[in-house]
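Summary of structural features
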Amino acid sequence: MALDIKIKKHLPTFDLDIEFTAGAEAIGFLGASGCGKSLTLRCIAGVETPDEGHIIVNGKTFFDSDKKINLTPQQRKTALLFQNYQLFPNLTVAQNVAAGMPKGLPKEEVAQRVKHYLGMFDLDGFQSRYPLRLSGGQQQRVALARMLAAEPDVLMLDEPFSALDAHLKAGLEQNMLDVFDSYEGTILYVSHDIDEAFRLCDRIAVVSGGHIEEMGTARDIVMNPTTLAGLKLSGCKNISRAHWDHNHTIEALDWGISLRVGPDVEIPEDLAYIGARAKFIRLADPGETGHNLYEMRVHRVVENRFDALITLEPPAGAGAADKTLIYWRVDKLPLDESQIPRPGDVVPLHFDARHLYLATR
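Sheets are built from strands paired through backbone hydrogen bonds, the pairs being either parallel or antiparallel. Taken in spatial order, the 5 strands of this open sheet run 14-13-12-15-21, and their pairing is antiparallel. Single-partner strands in this sheet number two, and they are strand 14 (257–260) and strand 21 (356–359). Ignoring which end each strand starts from, the neighbouring axes of this sheet average 40 degrees apart. Where strand 12 (residues 238–246) and strand 15 (residues 273–276) come together, 4 bridges link them in antiparallel fashion. Residue pairing for strand 15: Arg241 is matched across the bridge by Tyr273.

Now for the packing of aromatic side chains. What characterises a pair of aromatic rings is the spacing of the ring centres plus the angle enclosed by the ring planes. Tallied over the full model, the rule gives 3 aromatic pairs. Aromatic pair Phe20 and Phe29: ring centres 5.5 Å apart, planes at 65 degrees, arrangement edge-to-face. Comparing Phe20 with Phe29 shows no difference in burial state: the two are buried. Between the NZ or CZ atom of Lys237 and the centre of the ring of Tyr327, over which it lies, the distance is 5.9 Å.

For the rest of this paragraph, the subject is the layout of surface pockets. There is about 740 Å³ of room inside the largest pocket. As for the largest pocket, its lining consists of 25 residues, of which Pro73, Thr78, Ala79, Leu80 and Gly100 are closest to the centre. Counting only elements with at least two residues in the lining of the largest pocket, the list comes to helix 1 (37–45), helix 2 (73–76), strand 7 (78–81) and helix 5 (136–149). Each residue belonging to the lining of the largest pocket can be placed in one class, and the counts come to 15 nonpolar, 5 polar and 5 charged.

What counts as what
Residues numbered from 1 in each chain as written. Predicted model: local features only at pLDDT ≥ 70, side-chain atom pairs only at ≥ 80, totals over all residues. Heavy atoms only, no water. Pairing = 2+ DSSP bridges. Helix = DSSP H or I, 4+ residues; strand = E, 2+ residues; numbered from the N terminus. Axes fitted to C-alpha atoms, helices over the stretch in contact; angles between N-to-C directions. Phe/Tyr/Trp six-rings, centres within 6.5 Å; stacked < 30°, edge-to-face > 60°. Buried < 20%, exposed > 50% of the residue type's maximum accessible area, 1.4 Å probe, protein only. Lys NZ or Arg CZ within 6 Å of the ring centre and 35° of its normal. 1 Å grid on protein atoms, 1.4 Å probe; cavity = no way out; pocket = protein on both sides within 12 Å on 5 of 7 lines; lining within 4 Å. Points joined across faces, edges and corners; volume = space filled by probe spheres on them. Nonpolar A, V, L, I, M, F, W, Y, C, P; charged D, E, K, R; others polar.

The quantities given are spatial measurements derived from coordinates; they are silent on function.
Written out as structure tokens, the structure is:
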């Protein structure tokens, strides 16, 4: 493996305890603010020092508490891109790109590399400009060019799109994909956006309270989350406390209803939550019978351009003392205006057993 990480660090708010290995791949770190994502990257870069454990990159030990090894950031040959890009304001674009290259390179080679990486990011003609004369997107592209020019052993990006508007972000994602395609080492990518991580990363690590709660392919994390943190980060709007009832029936305690999952679904012994995606709840057909059918009253309708997000009150008298509203997403395009439910309507709904998620704490 190119990367072997096992570190612990005590903090006032939580204890960082991270362990994972990685090869030549892009791994996304998702989690709430302050959960340890950025701190993990800073420990790898040498900006922070763990209390114990080891950090090994491409067979080189960056940190080992038992062997008393702790290389300086300059010795580690890593590249860490922060949200604000950290360009040197007193250096030109060309000088910024050259700043990360190994010392002692011939001037001709430095100039050639600068030209190559500026061309990769469509920055030809910007060599003599200073960072203050660049837009946010241009600054990011310069920062990416500098990272690649340094030929790091591990590439790390800490929410690089957080300060950009949606239009600019879409174009720069294509630049990022070019970077990921051309880079042959390990890429660690911190984000809050599950869709962004899904598009850019091979695997996703769900981080909560300083721990990796679950880790898998981007598709696995989105389509089959297995922990509460994974459910939340995967964008699942409907989450209820749950316990196993009988056969493959799960009681959703916060909704006051029972839901049947598929016969091939393995119910975890420490089941604590059930999740249902808003887009996989559907209007039941007239006269439809079977499991997972409930009538619910529409509480509120919020219309977007192409869909409507409808909040529903769980069935009256269903048994939950404090019922949680349920979200239902409706595609508006095939519907007439009159077919969109309105507050107060009672609608029969079906919860798709194939898209119910069982999770532990």
